[in-house]
Amino acid sequence: MALCPDLEFQGFLKQGRFMLQRSRSSQRHFFYPRVLEPGTGATDLEWVEASGLGTVYAVTVVRPKPPAEPYTVALVDLDEGPRLMSRVEGLPADQVTIGLRVKARISAEPEQFFVVFDPHRN
């Protein structure tokens, strides 16, 4: 029996791999992990390695009470097509802008792994 898609995704992150699901028939990538392709219901899904490259589509700065530092919450359009919500790190929060090219990185926090983004420098 196959694992829950989110558990499979977390397993890949634990291995240091950022994977996306893709339908074999349509070749469309999507995120968040699911048991069928959104829109078509196709179940011919496979896991493929993500390039990790993307572009900031929208961003907001969260300003918690001091002494905590401000941080960003961004929507990132991956080059493969899906849009996901995450943080952009490696720049001051007020320098993260729409259109910024970013590269994914796996961040390990207690009990869970996350995909975060850093500015992509060619």
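The following paragraphs examine the structure supplied in this document.

**A look at the environment of cysteine 4**
So, step 1. On the secondary structure map, cysteine 4 appears in the segment before α1 (5-14).
So, step 2. Relative accessible area serves as the criterion here: at 41%, cysteine 4 is assigned to the partly exposed category.
So, step 3. Along the backbone, cysteine 4 and valine 35 are 31 residues apart, and their C-alpha atoms lie at a distance of 8.0 Å.

**Examining the nonpolar core**
So, step 1. Counting residues in each nonpolar core, the largest one holds 17 residues, and the members touching the most others are Phe18, Val56, Leu78, Val88, Val102, Val115 and Phe117.
So, step 2. At the level of elements, α1, β5 (71-78), β7 (101-109) and β8 (112-119) are the ones that each hand at least two residues to this core.
So, step 3. The element best represented in this core is β5, accounting for 3 residues.
So, step 4. Those residues in contact with valine 88 that lie beyond four places of it in its chain are Val56, Thr72, Ala74, Val96, Leu100, Val102 and Phe117.

**Thoughts on the pattern of salt bridges**
So, step 1. Considering all chains together, one arrives at 10 salt bridges under this definition.
So, step 2. Of the charged contacts, one joins arginine 22 and glutamate 46 as a salt bridge, the two residues approaching to 2.8 Å between their closest N and O atoms. Highlighted residues: arginine 22 in strand β1 (residues 19-23) and glutamate 46 in strand β3 (residues 45-49), separated in sequence by 24 residues. You'll find arginine 22 and glutamate 46 in the same group, each marked buried.
So, step 3. Beyond isolated ion pairs, a larger network of salt bridges with shared partners links Arg87, Glu89, Arg105, Glu109 and Asp118.

What counts as what
Counting restarts for each chain: residues are numbered from 1 in the order of the written sequence. The predicted nature of this model means local features are confined to residues of pLDDT at least 70 and side-chain atom pairs, given and counted, to a pLDDT of 80 or more, with totals for whole chains, interfaces and linings taken over all residues. Only hydrogens and water are removed before side-chain values are computed, so all heavy atoms of the structure are retained for them. Helix and strand assignments follow DSSP, with helices taken as H or I runs no shorter than four residues and strands as E runs no shorter than two, numbered in order from the N terminus. Type-normalised accessible area, obtained with a 1.4 Å probe on protein chains alone, sets the label of each residue: buried when under 20%, exposed when over 50%, and partly exposed for intermediate values. The term nonpolar core refers to a set of buried residues drawn from Ala, Val, Leu, Ile, Met, Phe, Trp, Tyr and Cys, joined through side-chain atoms within 4.5 Å. Should any heavy atoms of two residues lie within 4.5 Å, those residues are considered in contact. One speaks of a salt bridge when a side-chain nitrogen belonging to Lys or Arg is within 4 Å of a carboxyl oxygen belonging to Asp or Glu.

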